[in-house]
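Per-entry structural report
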Amino acid sequence: MWFSAVKAIVKEREMERVIKSGNSVATSKRELTQPSRRPAAGQLKDGSSWRRELQKNWQLYAMALPGILVLLIFGYGPMFGLSIAFVDYSPARGIMHSEWVGLEWFRRAFSNPMFWTAVRNTLTIKGLQTLIGFPSAIILALLLNEVRIRWFKKMVQTATFLPYFVSWVIISSMFRNILGSSGVVNQILVNVFALKPVNFLTDPAIFRWVVVLQDTWKWCGYFAVLYLAAMTTIDPALYEAAEIDGASRWQQTWHITIPSIKPMMSTILIILVGFLIDTGSGGGGTFEQIYTMYNVSVYAAADIISTFTYRLGLGQSRYSLATAVGLFQSVIAFGLVACANRIMKRLGQEGLF
Amino acid sequence: MSRSPRRTMGKLTLAKFAIYCILLVVFMLAFYPFFYTLFMAVMPYSEYVKKPVHVLPSGFTLDYFEQVLSNARLVRAFANSALRTFVGTISSIIVTMLTGYALSRKHLRGRRVMNFLFVVPMWVSGGMIPYYLTIRAVGLLNSFWAMIIPVLINSFNMFIARSYYADYPQEVIEAALVDGASQFGTFWRIIWPTSKPLFATLALLIGSFHWNDFFWPSILVSSEWQPAPVLLNSIMTNRTLLFGLGQGARIEPQSFISAVAAIQIIPLLIIYPFLQRHLVKGIMLGSVKG
Amino acid sequence: MLTRKQLQFVFVVLALSAMILAGTAFAKQGPDKVVIWTTNPSETVADWDKDPILKEVEKATNTDIEVVVVSGTLTDQINAAIASGTLPDIIPVVGPDQYGVTRRWATDGVLAAYEGDVAAAAPNVIKQYEMNPTLNELKIDGKIYFQPVFWGHGDYPNGGLIHVRKDLLDKYGMTPPETFGEYFNYLKTCKDNGDDMGVVFAGSGGVQGALSAFVGAYGVPSAGWVKANDGFEYWALQPGVKQGLLKFREMIAEGLVHPGVWEMNDDVARTAFVSGTSCSAIFWGGGHIGRIQNDMELVNPDFQEWLLPALDAGAGSRGYTSEPMFWGTGQLGGMRHNNPVAAARVINFLVSEEGVKLTAVGVEGVHNTVKDGEIVMLDQRAKDGFPTEAGHTGAHPLATHLVSWVPQEWQNWSLLYGKGKDYRDWFDQMWANQGMYQMPTYGLLTMSPEWSYFQPTSNELVAQAFTAIVKSGTEEEALALYDQFVKDWLASGGAQAQAEMSQLLMKVYK
């Protein structure tokens, strides 16, 4: 769901730049039609204009209020709970009266070998998912872009987009049937090719790839639609000109199509980097994916930070420990996004902020 | 002109053939799991054990659907899912649209601050336990509304709505305001009736979220209100429900679970083609400049 | 002498006290409100308010009981209830893997101890502690907080038991295996004859649940603590465990284990055995033995379940780990709004002979009737929430999972109800096989502060390492993995926990 927003953010930013530079026809037109509604910058500084603003636009503020309230309570409210990470939280005593232990929970987490396994697994799995998922969506979009038979394009697009709408619970129940020890793939391997069955779900090394490819399966179609959307904005005249210059189809793709979807690529990449540290139920659903698929046999390769946190945190009532790990995760995730953002800007691409 | 059109055509045809082949394979890979689940749900287990390999279905039975639908708890769970999806989607769309519209007004003071407020939670979260404690603190724990209120708005959907309204022909809005219409009146009479593509986009995104969400409901919601995915997951990972069903009836777990999954998928398969056009349009609306 | 005024004063005081006494006595006659939580999502009791068994309990204990069905993770729900001050009076069974959590509740003062009025109201709970000395490990600072959800007194093997099929043994002309060699041979024969996909067990949670006989053959229990080196050490670190794991690995390496076993939970594993896909299962015992047999008969009347006594590996030892015969504990809410005395009365009744019989067979004349000294079940029983088949235990949901498991004798009673002599003899034999060789363990219920912190980590380390060890390609690899496990376990907090536990246990078992 979050990737739709990417486009929105990119576009919003561009809009603002356009407005700032003031050379957009639309903007200047707007200013012409509503001179009285855009108070001068100086006027906005003093308090009385705030009151006037409220009087004038109270309905707009009222419209935004429910959304803002929900955001503050459920988006920011939990952040106050982060203090749990620094106390020995006991439900009976409450956060305020629980014993202050400083960084004890962080020390405990860092001295736990399973924590570092989880960190390693998170980076490996999310890294591989990005490495494979990111380009495969671009390739799918490019291939679909070449298709001129409309029903065929629609059929493929529909089928690849469909997994995006299906929950991980369903997906994992489907894949258990297909990849399980007596699933259809093993049926074929054993009975048709007379091979040994492959333990897709219980062999750590194989399971890791199952998780990676499954993720690509779920998201590929969705990304592809984003890229396709970006491609529709390319001026056909560019292709025509290239055609006249004798550029091959491949050259056209390389020199026109790909450069024009670069902003989209950089934005998506930044977001994906942010999700390298999977932040619980937010990070592209990797938690739900693994939570519904894994078992003890594959912990060594598939236990990620959020599943580790879940088992020890909610599973064993170790709230403080789990919160400490969660905090660590958020900090790293934000740091990664900031870094990626910087690098993209250095490379002359769009950043997010 | 170094190339004749004919040669270009021939070359393209060959390349295209490869592209079509690849895409056909992609199509099958993408769709086969759905197909397999659906046919497992209607294939008699006796057929299943008869042959060692099942790539295509054989036989037909609705027994497993009957088993699923004769279980009061599962039926209730599907009803919960439907109710939750309906209530949650409608209310969330309204809140998202209103907020998105308000924050898209360029002249609104404090707009940047409010926008920034929506950006931060995309990466920073309090984590599971504080979230849980927050839900409890506001008294939503174990209630139906724990699945609705906290997810009324999310940053991503808000940004989609905001940019949709930022694209809206501003002259129309300004004209209405100059004519003396109130902000809300403008929204209700002018914006709302023309928000269909946005509505469809949000409906599909939010609706599928509500229909599929299982992790938090399994923790936050009392058993009577739990939606179907929660139960499906507990059927798959625990033995709770199978045990309960085992009393008196013989069931085949694989077929039974497939039937439950099929009931989850079928509504999506039905609704999706109708909304897909709008969805793609909506995503493009969010992406195409100015 | 008293003046008239003084007399008047004394009279008024006396009258007032009498009135107060009478008032309280009168108030006491109204039933006490008791809130019970249950995690049992049983649909068999549609409406708890109208449940006749619950009504009987209320009548016998002068209480007004409200049953609340909770879902989700029980300990989280309880923690939430503690934080928000809505703790129930009776907290349902919390499993042994959560003893650290329950202990915390007790030390935080939100549970009621069985002392004073509470103890006086629950003599049957106190009696359990006297009958079973192992339970003393559950005490905190000498106080009783936890009511064991029991099916018997004392210790007995329960998990990791090896089931085979007697009809197959007969078919191959074999006698029930006594050694691992014979057992593996049986598995091989099954496989060669196409009767088998390999032995099954619930492997999705790891191998440790299936190790009982394997490590028992080398003198180690598969849980808890063992006496070693002038103190107590954790079972998983014992040299015998290494041997047992190698034996288990041998079984896998020879292809005698069902390939899908690592995806299986209890239910799937059981189904594979019952339906004849597998000729052997490592599974629970007790009532399960009979229920497996009953279900097998539905699949094929020829199938015959057989439980093997713990196997011999020629190492001079054999035995299934014998554990206290209860699973988890029930506890009383001790917060300000709770009524632990009334709650204790309810518990006391439910674990009394009368209460146990009530939840096992219902009310005489309604759910059962006595004919020639034998209890005969009536149809009404099924209508009032008792399972139609033996199901879990055959008892009313109020007993199962809530405050007491069903005592083995009543489980057996409902299992053997209406069965012939052959079946009864067979069942007695199986029950005897189960306990023929036992491996004692200590400290399963003891919790030191460090151990209560480390236990979850320990469980995970054991589950991961042992599963990897038995699946490893070569014996050398297995041995290296085991040594690494011991190192990891000690380094990540195990050493401190073990030292603390050893001290504690030395005090209990001098």
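Within each chain, residue numbers correspond to sequence positions counted from 1 in written order. The lettering of chains begins at A and the numbering of ligands begins at 1, in the order of writing. Only residues with pLDDT of at least 70 get local features here, since the model is predicted, and only at 80 or more are side-chain atom pairs given and counted; chain-wide, interface and lining totals rely on the full set of residues. The side-chain numbers reported here are obtained from all heavy atoms of the structure, hydrogens and water having been left aside.

**Observations concerning the interface of chain A and chain C**
Just so we agree on the cut-off: Throughout, a residue-residue contact means that at least one pair of heavy atoms, one from each residue, lies within 4.5 Å. Buried area: the accessible surface (1.4 Å probe) lost by two parts on joining, summed over both. By salt bridge we mean one thing: a side-chain nitrogen of Lys or Arg within 4 Å of a carboxyl oxygen of Asp or Glu. Here a polar contact is recorded for every N or O atom pair within 3.5 Å, except that within protein the pair must consist of a potential hydrogen donor and a potential acceptor, and residues adjacent in sequence are included only if both atoms are side-chain atoms. For the purposes of this entry, the term helix denotes a DSSP run of H or I that reaches at least four residues, the term strand denotes a run of E that reaches at least two, and both are numbered from the N terminus. When residues are grouped by polarity, Ala, Val, Leu, Ile, Met, Phe, Trp, Tyr, Cys and Pro land in nonpolar, Asp, Glu, Lys and Arg in charged, and all others, Gly among them, in polar.
Counting from both sides, the interface comprises 32 residues of chain A and, opposite them, 31 residues of chain C. Taking both sides of the interface into account, the surface hidden between chain A and chain C amounts to around 2,700 Å²; carbon and sulfur atoms contribute 48%. Interface area lost by chain A to chain C is led by M114, V296 and Q316 of chain A, which between them contribute 20%. One can count four salt bridges joining chain A with chain C. In this structure, the salt-bridge partner of R104 of chain C is D88 of chain A, at a minimum N-O distance of 3.2 Å. Our count for the contact surface shared by chain A and chain C stands at 11 residue pairs in polar contact (both at pLDDT 80 or more). The set of elements that each furnish at least two residues to the side of chain A that touches chain C consists of α6 (104–110), α7 (113–146), α16 (299–302), α17 (305–313) and α18 (319–346) of chain A. Of the residues forming the side of chain A that touches chain C, the biggest block, three residues, is contributed by α17 of chain A. Here the side of chain A that touches chain C is built from residues that sort into 15 nonpolar, 12 polar and five charged.

**Some words on helix α13 (residues 249–260) of chain A**
What counts here: One less than the residue count of a helix, multiplied by 1.5 Å, gives the span that helix is expected to have. Think of it in three bands: residues with accessible area under 20% of the maximum for their type are buried, residues over 50% are exposed, and the middle band is partly exposed, with areas taken using a 1.4 Å probe on protein chains only.
For α13 of chain A, spanning 12 residues, the distance from its first C-alpha to its last is 15 Å, which sits close to the expected 16 Å at 1.5 Å a residue. Three or more residues of α13 of chain A are buried, namely Q252, T253, I256, T257 and I258 of chain A.

**What about the nonpolar core?**
Stated precisely, the cut-off is as follows: Among the buried residues, those of types Ala, Val, Leu, Ile, Met, Phe, Trp, Tyr and Cys that are joined through side-chain atoms within 4.5 Å form a nonpolar core.
Counting residues in each nonpolar core, the largest one holds 333 residues, and the members touching the most others are Y227 of chain A together with Y183, Y186, M251 and F466 of chain C. Broken down by element, this core gets its largest block of residues, 15 residues, from helix α11 (residues 204–232) of chain A. Setting aside residues up to four positions removed in sequence, M251 of chain C forms contacts with Y183, F184, L187, V199, F214, L256, V257 and I282 of chain C. One finds V356, V361, A399 and V406 of chain C within the second-largest nonpolar core, a separate group that totals eight residues.

**Considering the side chain of S98 of chain A**
All names here are of chain A. The topology assignment puts S98 in the loop between α5 (94–97) and β2 (99–100). A polar atom in the side chain of S98 sits 3.0 Å from the backbone nitrogen of S90. One polar contact links the side chain of S98 to the main-chain carbonyl oxygen of G94, over a distance of 2.7 Å. Aside from chain neighbours lying at most four places away, what touches S98 is V87, D88, Y89, S90 and R93.

**Looking at the pattern of salt bridges**
One pass over the full model with this rule turns up 22 salt bridges over all chains. For E450 of chain C, the salt bridge is made with R108 of chain A, and the minimal N-O distance between the two is 3.5 Å. With one member in each of two chains, E450 of chain C in helix α19 (residues 449–471) and R108 of chain A in helix α6 form a pair that bridges those chains. Overall, the relative accessible area of 17% leaves R108 of chain A in the buried class. For E460 of chain C, the salt bridge goes to R311 of chain A, with nearest N and O atoms at 2.4 Å. Taken together, the residues E460 of chain C in helix α19 and R311 of chain A in helix α17 connect one chain to another. An identical accessibility class is assigned to E460 of chain C and R311 of chain A; each is buried. Where salt bridges share partners, they join D88 and R93 of chain A together with R104 and D108 of chain C into one cluster.

**Focus: the confidence of the model for chain B**
Residues and elements named next belong to chain B. The following threshold applies: A residue's pLDDT is simply how confident the predictor is in it, with values from 0 to 100.
Per-residue confidence for chain B averages 79 on the pLDDT scale, and 84% of its residues sit at or above 70. Confidence, read as mean pLDDT per element, is least for helix α13 (residues 240–246) in chain B (41) and greatest for helix α4 (residues 72–104) (91). Note on residues 1–10: pLDDT under 50 across the span, and five contacts to partners over four residues away in sequence or across chains. The model gives residues 239–250 a pLDDT under 50, and that stretch makes 27 contacts with residues more than four places away or in other chains.

**Topic: the packing of aromatic side chains**
Filter applied, for reference: Side-chain rings of Phe, Tyr and Trp (the six-membered ring for Trp) are treated as a pair once their centres are within 6.5 Å; stacked means planes under 30 degrees apart, edge-to-face means over 60, and tilted covers the remaining angles.
Enumeration over the complete set of coordinates arrives at 70 aromatic pairs over all chains. Ring geometry for F144 of chain B versus W145 of chain B: centroids 5.3 Å apart, planes at 80°, classification edge-to-face. The interplanar angle of 70° and the centroid separation of 5.0 Å between the aromatic rings of Y442 of chain C and Y509 of chain C together place this pair among those described as edge-to-face. Note that Y442 of chain C is positioned in the loop between β13 (438–440) and α19 and Y509 of chain C in the segment after α20 (475–508), a separation of 67 residues in sequence. For Y442 of chain C, a relative accessible area of 22% corresponds to the partly exposed category. Site record: aromatic cluster; members linked through ring pairs are W225, Y234, W235, W451, F454, F466, Y482, F485 and W489 of chain C.

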